[in-house]
Amino acid sequence: MALEKYQRKRDFSKTSEPAGGEGQESKDQPRFVIQKHRAKRLHYDLRLEMEGVLRSWAIPKGPSLNPDDKRLAIQVEDHPLEYADFEGIIPEGEYGAGKVIVWDQGTYECIGEETDPVKAWKTGKLDMRLHGQKLKGMWLLIKLKGRQDNQWLFFKKKDEYSDLQTEITEEAPESVLSGLEVDEIEAEASPAWHSRVHRLLEELQIPSREIKGQVRPMLATLVTKVPEGSHWIYELKYDGIRALAVKKKTSFSFTLAA
Ligand code: MN
């Protein structure tokens, strides 16, 4: 049971973190994610998809584009695949209490002698190419010998993406999902998109209005024949969720329909 340790540490009636077991394995290249986690101490969590879970390392200082900055990475318990999209607040008193954003995400491939991620991990050397939004190119994750079992180093290999000047964690502190910085994650554990939509709506300067009764989003109706007549027009039907937002004073309320 790969996730037993993860699940034992958490009370899912209290934390909004995923319990696990429903995530889909990636079909093509495996995923990687780096979460920025303001717990008791700020750190970054590197997670690599393998064996149906996210194998995880806590990196106190976060990644650096400078090949000379070899960052300590402490391997921690495997996390469920669904954790890759988790942003929110882990409540006070719970394991890892604090705020979490998805700082970077993408896919990775092992490019060293061992191209199978599980085998590479077992040898203690992951020679990788990252295809992230912030981290790209060649990276190494190497297990330290003769130290505690869980201590690794994570660092950039010299290539066209290495950079001695840019402090990537400072230049790009925000979430790649919501655009929020870790301290902007709101107290009421609203999903990340909520805050982002809220911000975009604010920018539109929509007037505040009182709406009487319930308004539902208009949904597409499936028919077998194209309707005739000049009063019909056609447009592409987008799949997904329709949302109506109503602004009342300064707050928005949403009605969603699938
Ligand atoms: Mn963490």
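Residues numbered from 1 in each chain as written. Predicted model: local features only at pLDDT ≥ 70, side-chain atom pairs only at ≥ 80, totals over all residues. Heavy atoms only, no water.

### Notes on the pairing of strand β2 (residues 42-50)
Thought 1: Of all 9 residues making up β2, 8 are buried, and the element is well covered by its neighbours.
Thought 2: Inspection of the sheet shows strand β1 (residues 31-38) paired to β2 by 7 bridges, in the antiparallel sense. Its bridge partner being in β2, H37 is matched across the sheet by H43.
Thought 3: The turn joining β1 and β2, which pair antiparallel and follow one another in sequence, is formed by 3 residues.
Thought 4: The hairpin formed by β2 and strand β3 (residues 53-59) contains 2 residues between the paired strands, and E51 there has a positive phi angle of roughly 55°. (Buried < 20%, exposed > 50% of the residue type's maximum accessible area, 1.4 Å probe, protein only. Helix = DSSP H or I, 4+ residues; strand = E, 2+ residues; numbered from the N terminus. Pairing = 2+ DSSP bridges.)

### Describing the domain arrangement of the protein chain
Thought 1: Each assigned domain of the protein chain is listed here: domain 1 (4-184) and domain 2 (194-257).
Thought 2: Once you take the C-alpha centre of each, domain 1 and domain 2 turn out to be 36 Å apart. (Domains from an automatic or database assignment.)

### Let's talk about the coordination of the manganese ion
Thought 1: Within the protein, H37 (ND1), H43 (NE2) and D45 (OD) serve as the donor atoms for the manganese ion, at 2.2 to 2.3 Å.
Thought 2: All donors to the manganese ion come from one chain, and their sequence spacing reads H-x5-H-x1-D. Neither residue differs from the other here; H43 and D45 are each classed as buried. (Donors = N, O, S within 2.8 Å, 3.2 Å for Na, K, Ca; no water.)

### A look at the pattern of salt bridges
Thought 1: Under the criterion given, the structure shown has 14 salt bridges.
Thought 2: The shortest N-O distance in the salt bridge between E17 and R10 comes to 3.1 Å.
Thought 3: The class for E17 is buried, based on a relative accessible area of 4%.
Thought 4: Residue classification places R10 among the buried positions, given a relative accessible area of 10%.
Thought 5: Between R31 and E49 there is a salt bridge, and its shortest N-O distance comes to 3.5 Å. Taken as a pair, R31 in strand β1 and E49 in strand β2 lie far apart in primary sequence, 18 residues in all.
Thought 6: On the accessibility criterion, R31 (23% relative accessible area) is partly exposed.
Thought 7: Overall, E49 belongs to the buried group, its relative accessible area being 4%. (Salt bridge = Lys/Arg side-chain N within 4 Å of Asp/Glu carboxyl O.)

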